[in-house]
Every structure is written in structure tokens, then in C-alpha cells.
Amino acid sequence: SSWAPYGLKQLPFTQHTEYRMYAMPHIWFRVLRSLQAFLRGTQVLAVFTGAHGVGKRSLLQQWLRYGRVKMPLIHIMPTQQMQPLQFIEILAENCDLSLQVDKSVSVAFKGLMQRLSKKGKCHVLMLDCIERLPLASVAVLAEILRLQPDDAAFFKIIVTLDKERSGSVLQLFDDVLASSS
């Protein structure tokens with residue numbers, strides 16, 4: 001092996017991203033501790049904003065890999081094509097709920113909320129690059145936040161946003177959450 005003379009027991013790099021080789025900036029440790037506190041606390045929404053390419057996804061992947069998350073995890077990479085019905089269907093599927101998704105968003109949403117309340121289990125829902133999700137689907141997520149009971153949340157939601165494109169999404173969350181108080 002050409003790397004053996006350098007004293008290496010294994011190759012330092014592979015074709016795939018190898019997170020154990022990264023040096024974690026000091027600020028990440030504080031953020032990782034905050035994420036653990038978020039899971040134990042009563043808050044239901046954590047929003048990470050930052051410039052494109054700053055490492056929001058890498059940070060969350062480190063946390064998922066080493067953070068010992070004990071709740072069921074749903075990780076969704078939104079697309080611009082993920083309309084509200086499809087988003088509701090993906091949530092139901094990932095929560096192991098049988099849901100007949102018809103053509104009505106309101107009926108599907110009502111069915112999802114009823115089944116979630118019967119199941120009574122909290123999931124960690126991580127949405128990476130939520131600005132890619134159509135605003136109508138973000139509105140579904142905001143309604144879930146607004147309607148879930150304070151004492152038994154269905155989801156602890158973690159979202160990442162590119163700072164440059166975060167305005168309308170954050171405004172929608174603010175409007176919906178303000179209307180619930």
C-alpha cells in the first residue's frame with residue numbers, strides 16, 4: 001500500500017464524507033449542548049440559520065451520529081415539488097400511521113392530527129433546507145406546531161435555513177405561532 005510508509009493504519013480519506021475526521025469548531029459544542037437541552041425542554045421548534053455552506057447540515061449530522069437521540073427521528077430533505085398532500089403523506093408514513101390521503105389537504109391534515117394524538121409519541125422532525133419547501137407545505141408544518149398540545153407534543157421540529165432565503169419562512173412561523181398565543 002502506498003500510504004503505509006507514512007505510518008497510517010488506514011487511509012485518511014474516502015470517497016464519502018467521513019465526519020470523524022472533521023475538527024469541530026468550538027461554537028459547535030455549545031450548539032450541540034443546546035440541541036440536547038432542546039430535546040429535554042418544552043420548546044417544540046429549533047431554527048438554524050446561516051450562510052449557505054457554513055456547515056448547518058454537518059453540525060446536525062454530527063449531532064445525530066453522536067448525540068444519542070432517544071426519540072424516533074424523521075429526517076426530510078424538502079424539494080420544491082413537495083406539495084402539502086405529499087408532505088402530509090410523508091409525515092404519516094414516517095410516523096407509522098396508516099392514512100388515506102385523498103385530494104383534500106384539510107381532510108388529510110385532520111386525519112394526520114387525529115392519528116398523531118391517538119399514538120401519543122413524540123418524534124424529532126428534522127427538515128434540512130426548509131426554504132426549498134413550498135410555502136403551502138411550510139404552512140402545514142406551522143399548523144402542526146400551532147395545534148399540537150403543549151403537554152404532549154407530536155414533534156420536536158428542527159429546521160435549517162439559508163440566511164439569505166429565510167425571510168418568508170420565518171415570517172410564516174412567526175405569524176402562525178403568534179396567532180396561537
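Residues numbered from 1 in each chain as written. Predicted model: local features only at pLDDT ≥ 70, side-chain atom pairs only at ≥ 80, totals over all residues. Heavy atoms only, no water.

Side note on helix 1 (residues 26–40)
Just so we agree on the cut-off: Numbering of helices and strands runs from the N terminus, with a helix taken as a DSSP run of H or I at least four residues long and a strand as a DSSP run of E at least two residues long. Multiplying 1.5 Å by the helix residue count minus one yields the expected span of that helix. Buried, partly exposed and exposed residues are distinguished by accessible area as a fraction of the type maximum, computed with a 1.4 Å probe on protein chains only: under 20%, between the cut-offs, and over 50%, respectively. It is the directions from the helix axis to the C-beta atoms whose arc is reported.
In a regular helix each residue adds 1.5 Å, so 15 residues correspond to 21 Å; helix 1 covers 22 Å between its end C-alpha atoms and thus fits that length. When we look at burial in helix 1, the residues that qualify are Trp 28, Leu 32, Leu 35, Phe 38 and Leu 39. End-on view of helix 1: buried residues confined to an arc of 115°, all on one side of the axis. For helix 1, the exposed residues set more than 90 degrees away from the buried face come down to His 26, Arg 33 and Arg 40.

Considerations on the confidence of the model for the chain
What counts is decided by this rule: What pLDDT expresses is the predictor's confidence in each residue, scored from 0 to 100.
When the pLDDT values of the chain are averaged, the result is 78; 80% of them are 70 or greater. Element-level mean pLDDT values for the chain span from 68 in helix 6 (residues 167–180) up to 89 in helix 3 (residues 84–94).

Digging into the packing of aromatic side chains
Heads up, the condition is: When the centres of two rings from Phe, Tyr and Trp lie within 6.5 Å, Trp using its six-membered ring, the rings pair. Their planes under 30 degrees apart give stacked, over 60 give edge-to-face, and anything left gives tilted. Throughout this description, the term charge over a ring refers to an Arg CZ or Lys NZ atom that lies within 6 Å of the ring centre and within 35 degrees of the ring normal.
Going through the model one piece at a time under the given rule, you end up with zero aromatic pairs. Geometry around Phe 38 places Lys 156 over its ring, the cationic atom sitting 5.0 Å from the centre.

Focus: the pairing of strand 4 (residues 155–162)
Heads up, the rule is: Paired strands, as defined in this entry, are two strands with at least two bridges between them according to DSSP. Think of it like this: strands point away, you trace from the first strand over the helix to the second, and a clockwise trace means the crossover is right-handed.
Of all eight residues in strand 4, eight are buried, a share of seventy percent or more. Burial along strand 4 is two-sided: the face carrying Phe 155, Ile 157, Val 159 and Leu 161 and the face carrying Lys 156, Ile 158, Thr 160 and Asp 162 are both buried. Across six bridges, strand 1 (residues 45–50) lies against strand 4 in parallel orientation. Residue pairing for strand 4: Leu 45 is matched across the bridge by Ile 157. The sheet contact formed by strand 3 (residues 123–127) and strand 4 spans five bridges and is parallel. Within the sheet, the bridge partner assigned to Met 126 lies in strand 4 and is Ile 158. As a crossover connection, the stretch from strand 3 through helix 5 (residues 135–147) into strand 4 is right-handed.

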